[in-house]
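Take a look at the letters that make up each chain.
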Amino acid sequence: MGKTKKVGSTGRFGARYGSTIRKRVRQIEEKSKAVYKCPVCSVKTLKREGLGIWECSKCGEKLAGGAWEPNTSAGRSITRRVTRIAEGLKEEF
Ligand SMILES: [Zn+2]
């Protein structure tokens, strides 16, 4: 295999799926492999354990977060939406 300059980890897809999709996959993969700051002990040791699961190797805290990063803007807007739906249900019953 040749070098995968520019396309990074998505070089394995070759020319398949189109460059826009490969670019997005690459961003996601780089995000999911990055180490984030733990919200409990504030040390940069938060690592992705599985889909939506993040674990801090310092304090052992396990938390649910975004699938690819601990906090996503999508996650925040979903939380808002769910809260609003829950409030709407309260009013209905
Ligand atoms: Zn921690």
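The coordinates are above.
Residues numbered from 1 in each chain as written. Predicted model: local features only at pLDDT ≥ 70, side-chain atom pairs only at ≥ 80, totals over all residues. Heavy atoms only, no water.

Undergrad: Before we go on, may I ask you to explain the coordination of the zinc ion in this structure?
TA: Under perfect tetrahedral coordination by four donors, a metal shows angles of 109.5 degrees; under perfect octahedral coordination by six donors, it shows angles of 90 or 180 degrees. Looking at the zinc ion, one finds its protein donor set to be Cys38 (SG), Cys41 (SG), Cys56 (SG) and Cys59 (SG), positioned 2.3 Å from the metal centre. Around the zinc ion, the four donor atoms are arranged such that angles at the metal cover 105 to 117°; this shape is classified as tetrahedral. Sequence spacing of the donors to the zinc ion: C-x2-C-x14-C-x2-C. Of this pair, Cys41 sits in the loop between helix 1 (19–33) and strand 1 (46–50) while Cys59 sits in the loop between strand 2 (53–56) and strand 3 (62–64); the two residues are 18 residues apart in sequence, bridging distant segments of the chain. The exposure class of Cys41 is partly exposed, given its relative accessible area of 26%. The exposure class of Cys59 is partly exposed, given its relative accessible area of 36%. (Donors = N, O, S within 2.8 Å, 3.2 Å for Na, K, Ca; no water. Tetrahedral: all angles 85-135°; square planar, octahedral: opposite > 155°, others 65-115°. Helix = DSSP H or I, 4+ residues; strand = E, 2+ residues; numbered from the N terminus. Buried < 20%, exposed > 50% of the residue type's maximum accessible area, 1.4 Å probe, protein only.)

Undergrad: What is the right way to read the sheet that holds strand 1 from this model?
TA: Sheet strands line up and pair through hydrogen bonds in the backbone, either parallel or antiparallel. The strand order 1-2-3 describes an open sheet built from three strands, whose pairing is antiparallel. The open sheet has two edge strands, strand 1 and strand 3, and neither has a second partner. Direction aside, neighbouring strands of the sheet carry axes that sit 35° apart on average. (Pairing = 2+ DSSP bridges. Axes fitted to C-alpha atoms, helices over the stretch in contact; angles between N-to-C directions.)

Undergrad: Would you take a moment to explain the side chain of Ser32 for this structure?
TA: Of note, Ser32 is situated in helix 1. Assessed through its relative accessible area of 12%, Ser32 is described here as buried. A distance of 3.0 Å separates a polar atom in the side chain of Ser32 from the backbone oxygen of Glu29. Setting aside chain neighbours within four positions, we find Ser32 in contact with Arg48, Trp54 and Trp68. (Polar contact = N/O pair within 3.5 Å; in protein donor to acceptor, adjacent residues only side chain to side chain. Contact = heavy atoms within 4.5 Å.)

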